[in-house]
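Examination of the molecular architecture
Here is what each chain is made of, one letter per residue.
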Amino acid sequence: MENGLLNLYEVAKILRVKPLTIHRMIHRDEVKGTKIGRDWRFEKTEPERYIKEQESKGHFTIGMKFKTVNNLNKAIDCFKEATKVYPQNKKAHLELGKIYFDKSQEDKIFSTWAKQRLEKVLELDSENAEAFSLLQKIVPDIRDIKPANIFEEKINQLSDFIKTTQTIFVKDIAQGHHDFPEHIYNTIKVLSELVNDIDAYSKGHSEKKAIYTLAIGQRLGLTYQQLEIIQMAAFLYDIGKIKIDKEILLKPGRLTQEELEVVKEHPRLGADILKEAGLPDEISSSALFHHESYDGKGYPQGRSGEEIPLTARIIRAVDTFGALVSERPYRKPLSFDESVNELKRLSGVELDSNIVNTFLDILAEDKDWIFKGEYIKKKFPIRRILIVNDDLWTAKAIKGSLELEGFGTIIAQNGEDALQKIYELPPDLIITEISLPDINGYELCKRLSRETRSSHIPIITITTGSDIGEEIKVLESGADIYMVKPFNLRELSARVKALLRRVEQERAVSPLTGLPGTVSIEEEILKRVLNHDEKFEIMYLDIDKFKTFNDIYGFLQGDSAIKITAKVLLESFEKFGSKSDFIGHIGGDDFIAITTPDRADNLCQEIISQFDLRIKDLYQEEDIKRGYTIRNSRDGKKEKFPLLTISIGCVNNLKRNLTSYWEVGEVATEVKEYAKSKQGSSYHRDVRAFEGIRI
């Protein structure tokens with residue numbers, strides 16, 4: 001230790017990881033240090049800060065799971081614990097603020113708590129638009145008391161990007177192969193959301209409108225360049241409303257003629273903002289003309305027909321439909337059929353008939369999309385899909401299609417980014433491209449299927465290869481479904497729903513053993529982890545050499561081995577367990593059992609004794625006499641394989657503070673692997689003392 005600082009090896013020793021891992025953690029900005037020459041130095045408090053941050057993330061992840069199943073009281077407890085352990089966890093503060101905000105609609109006492117949490121988020125992240133917009137609804141004059149003007153900062157961020165990359169930007173737009181960087185796309189989205197938050201007639205459907213405009217553009221045969229333009233314009237066309245007096249925009253009733261004239265200025269104001277930001281004329285003109293009418297009776301210039309830019313005509317049609325299906329202060333939202341009929345009435349009058357007909361075709365094919373997403377969000381927990389693709393255009397197309405079906409989506413542009421996102425907030429399903437810039441899709445699938453935290457997550461792969469060899473390679477790497485480019489987005493959505501439906505059925509109850517599946521297993525482990533006063537022992541059981549047994553004796557006998565194991569567990573727990581114990585079937589030859597530490601030894605010994613005795617019923621007599629099975633290898637040589645045995649890894653919270661479902665899984669897997677290294681059936685109990693998160 002030099003001058004009160006730690007070197008890299010000292011930090012690695014404290015965190016119990018390899019020095020190379022610390023290097024990776026530095027580059028991922030997980031551990032913060034100072035580079036001095038070729039070496040790194042760290043504050044003495046850095047390891048403790050890192051451990052607290054990881055522990056906080058564990059509490060946050062559990063909280064998000066409880067929030068997903070609408071168990072808000074437990075979610076609140078987890079988020080509180082996350083902020084208590086690590087006060088800088090802005091995500092936990094934000095989730096608490098959102099829950100309190102929702103509860104404040106029924107009980108005003110929650111408003112104060114929501115305000116405290118949201119202010120803390122802005123203290124940690126002054127540009128957090130979500131916290132700002134919620135806080136603005138609690139404290140209407142927040143702009144007067146908050147020095148940072150988030151809107152201006154975001155405009156400046158967008159403008160700075162355009163100005164610093166003007167030549168490249170304009171060249172790429174002209175050549176028709178531009179992709180907006182992800183942070184610029186996010187900035188555009190935030191700007192759109194800020195407009196929606198202060199507009200009485202907007203309900204935050206900017207992403208849906210953007211998807212519809214893109215769908216129309218694709219049907220009309222627009223170029224890649226034009227689709228890029230319409231994508232940005234669809235988010236920004238109403239941006240001029242930010243310059244309109246809030247009192248007018250938030251007025252609950254109809255506007256007076258004078259107020260209406262003020263609102264009619266927003267197209268000009270928006271066009272000026274976008275021009276100043278340095279965006280192409282096609283985008284600013286979309287803002288300027290999106291209220292023009294096909295019959296020439298619109299504003300601000302009274303243009304008609306094809307004098308109105310195509311992008312503005314498309315936006316006008318989508319914006320009109322959005323207004324029809326949204327609630328107004330003076331009327332309820334129109335039904336789908338009523339909205340369609342109104343579009344037909346306006347076709348050729350206010351709206352371009354060609355665009356309306358194209359839009360109606362899309363709506364006819366995907367009826368209720370605009371309503372379905374909202375219905376699903378209210379009735380069922382949102383399931384998250386991780387999209388791993390370095391092509392943002394494809395990723396956003398998939399994202400839009402799935403979000404219209406009610407799914408939540410996350411985008412990762414490479415394999416390492418995907419692994420990090422899975423660690424932070426595990427998705428319910430993964431869609432990955434085989435060709436990735438760092439690790440390829442095969443390797444990603446293999447890593448995900450090997451690790452406890454991700455082995456249960458179903459995977460859909462997308463590739464350009466279509467031969468049977470490619471399909472076998474993909475499926476053997478751990479993927480569940482294989483799709484070839486080009487693919488249909490609606491087919492992809494259908495496959496996602498079918499795969500999730502199948503997985504949910506398997507997770508609820510194992511059809512083979514009748515034991516609780518992975519969903520119940522996770523809930524049981526979480527219940528014990530969160531009860532800090534309860535001492536528990538979790539047993540991870542795995543049948544050794546099971547695949548080889550399947551190859552020699554067939555899948556039916558393999559199923560019989562799994563059923564025997566389940567029966568042994570049930571009878572052993574009936575003899576030595578208690579009513580509060582739990583037995584679950586993860587799938588395949590893996591089982592989980594939960595008991596108390598004082599019962600673990602007797603249970604493990606009974607399970608091993610009964611398993612070794614009963615499993616012999618599945619073998620032929622000569623194999624039992626030999627003590628092994630024989631199989632011919634590919635080159636004709638005879639190979640010997642031992643009889644099936646069982647390995648049990650046990651982990652408890654007697655000497656360590658287990659803080660999350662994933663930590664339990666990782667430690668139990670590690671201990672089980674140690675048990676498997678021994679000859680014959682065996683068990684091993686982890687009695688090491690270590691407080692905190694494992695690496």
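For the structure itself, consult the block above.
Residues numbered from 1 in each chain as written. Predicted model: local features only at pLDDT ≥ 70, side-chain atom pairs only at ≥ 80, totals over all residues. Heavy atoms only, no water.

Here's the deal with the side chain of Ser-285
- Inspection of the secondary structure assignment puts Ser-285 in helix α17 (residues 281-289).
- Given the relative accessible area of 18%, Ser-285 is considered buried. (Helix = DSSP H or I, 4+ residues; strand = E, 2+ residues; numbered from the N terminus. Buried < 20%, exposed > 50% of the residue type's maximum accessible area, 1.4 Å probe, protein only.)

What to know about the nonpolar core
- In this structure, Phe-79, Ile-525, Ile-538, Ile-594, Val-651 and Val-664 are the most contacted members of the largest nonpolar core, which totals 43 residues.
- Filtering out sequence-adjacent residues up to four positions away, Val-651 remains in contact with Phe-536, Glu-537, Ile-538, Arg-656, Leu-658, Val-664, Val-667, Ala-668 and Asp-686.
- Ranked by size, the runner-up nonpolar core spans 30 residues in total, among them Leu-541, Phe-546, Leu-569 and Leu-603. (Core = buried A, V, L, I, M, F, W, Y, C linked by side-chain atoms within 4.5 Å. Contact = heavy atoms within 4.5 Å.)

Comments concerning the sheet that holds strand β10 (residues 582-587)
- An order of β10-β11-β9-β14-β15 is seen for the 5 strands of this open sheet, with the pairing classed as mixed. Edge strands, defined here as strands with exactly one partner in the open sheet, are β10 and β15 (682-686). The average angle at which neighbouring strand axes cross in this sheet is 20 degrees, direction not considered.
- The pairing of strand β14 (residues 645-652) with β15 spans 5 bridges and is classified as parallel. Its bridge partner being in β15, Ser-647 is matched across the sheet by Ser-682.
- Along the sheet, helix α32 (residues 661-676) contacts β9 (537-544), β14 and β15; its crossing angle with β14, the most-contacted strand, is approximately 140 degrees. (Pairing = 2+ DSSP bridges. Axes fitted to C-alpha atoms, helices over the stretch in contact; angles between N-to-C directions.)

Let's talk about unusual backbone geometry
- Pro-300 follows Tyr-299 through a cis peptide bond whose omega is 15 degrees.
- Within the secondary structure layout, Pro-300 lies in the loop between α17 and α18 (310-324).
- The phi torsion at Lys-545 lies on the positive side, around 60 degrees, for a residue other than glycine.
- Assignment of secondary structure puts Lys-545 in the loop between β9 and α28 (546-553).

Looking at the side chain of Asp-581
- On the secondary structure map, Asp-581 appears in the loop between α29 (555-576) and β10.
- A distance of 2.7 Å separates a polar side-chain atom of Asp-581 from the backbone nitrogen of Ser-578.
- Once residues within four sequence positions are removed from consideration, Asp-581 is found in contact with Phe-573, Ile-594, Thr-595, Thr-596 and Arg-599. (Polar contact = N/O pair within 3.5 Å; in protein donor to acceptor, adjacent residues only side chain to side chain.)

Section: the sheet that holds strand β4 (residues 384-388)
- The strand order across the open sheet formed by 5 strands is β5-β4-β6-β7-β8, and the pairing between neighbours is parallel. Both edges of this open sheet fall to β5 (408-412) and β8 (481-484), since each of them pairs with a single strand only. Put simply, the sheet's adjacent strands are angled 20 degrees from each other on average, direction ignored.
- In this sheet, strand β7 (residues 459-463) lies alongside strand β6 (residues 429-433) in parallel orientation, the contact comprising 4 bridges. Residue pairing in the sheet places Glu-433 in a bridge with Ile-462 of β7.
- Helix α24 (residues 441-450) rests against β4, β6 and β7 of the sheet, and its axis sits at about 155 degrees to β6.

Some points on the packing of aromatic side chains
- Inspection of every chain in the model, using the stated rule, returns 9 aromatic pairs.
- Aromatic side chains Phe-60 and Phe-79 sit 5.6 Å apart centroid to centroid with 45 degrees between the ring planes, which places their arrangement in the tilted category. Placement of the pair is Phe-60 in helix α3 (residues 46-68) and Phe-79 in helix α4 (residues 72-85), with a sequence separation of 19 residues.
- In this structure Phe-79 comes out as buried when scored by relative accessible area, which is 0%.
- Pairing Tyr-100 with Phe-110 gives two aromatic rings, centres 6.0 Å apart and planes at 25 degrees, and the pair type is stacked. With Tyr-100 in helix α5 (residues 90-104) and Phe-110 in helix α6 (residues 109-124), this residue pair connects regions lying 10 residues apart in the sequence.
- A cation over an aromatic ring shows up here: Lys-672 above the ring of Tyr-540, its NZ or CZ 4.4 Å from the ring centre. (Phe/Tyr/Trp six-rings, centres within 6.5 Å; stacked < 30°, edge-to-face > 60°. Lys NZ or Arg CZ within 6 Å of the ring centre and 35° of its normal.)

Some points on α32
- In a regular helix each residue adds 1.5 Å, so 16 residues correspond to 22 Å; α32 covers 22 Å between its end C-alpha atoms and thus fits that length.
- Along α32, the residues classified as buried are Tyr-661, Trp-662, Glu-663, Val-664, Gly-665, Val-667, Ala-668, Thr-669, Val-671, Lys-672 and Ala-675.
- Taken together, the buried residues of α32 touch α3, α27 (518-530), β9, β14 and β15. (Expected span 1.5 Å × (residues − 1).)

Digging into the pairing of β9
- Counting buried residues along β9, 8 of its 8 residues qualify, which places the element largely inside the surrounding structure.
- Neither face of β9 is left uncovered, since the one carrying Glu-537, Met-539, Leu-541 and Ile-543 and the one carrying Ile-538, Tyr-540, Asp-542 and Asp-544 both have all their residues buried.
- Pairing of β9 with strand β11 (residues 590-595), which is carried by 6 bridges, proceeds in the antiparallel orientation. When the bridges of β11 are listed, Ile-538 appears paired with Ile-594.
- Note: β9 against β14, 8 bridges, orientation antiparallel.

Some points on the packing of α3 against α27
- Packing of α3 against α27 brings their axes to within 12 Å, and their N-to-C directions diverge by 125 degrees. As far as their axial angle goes, α27 and α3 are oblique. Regarding α3 and α27, the two cross each other, and that crossing is left-handed. Contacts between α3 and α27 involve Ile-62, Lys-65 and Phe-66 from the former and Glu-522, Leu-526 and Leu-530 from the latter.
- Of the residues in the contact of α3 with α27, the class split is 4 nonpolar, no polar and 2 charged. (Parallel < 35°, antiparallel > 145°, perpendicular 65-115°, else oblique. Left-handed = near helix turned anticlockwise from the far one by under 90°. Nonpolar A, V, L, I, M, F, W, Y, C, P; charged D, E, K, R; others polar.)

Quick word on the environment of Lys-678
- Here Lys-678 shows up in the loop between α32 and β15.
- Taking C-alpha positions, Lys-678 is 8.8 Å from Ser-647, a pair spaced 31 residues apart along the chain.
- Those residues within four positions of Lys-678 in sequence are excluded, and the remaining contacts are Tyr-683 and His-684.

Re the pattern of salt bridges
- In the structure shown here, the tally under the stated rule is 29 salt bridges.
- Across the pair Lys-67 and Glu-95 runs a salt bridge whose closest N-O atoms are separated by 2.5 Å. Of the two residues, Lys-67 sits in helix α3 while Glu-95 sits in helix α5, which places them 28 residues apart along the sequence.
- Within this structure, Asp-542, Asp-544, Lys-672, Glu-673 and Lys-676 form a network of salt bridges that share partners. (Salt bridge = Lys/Arg side-chain N within 4 Å of Asp/Glu carboxyl O.)

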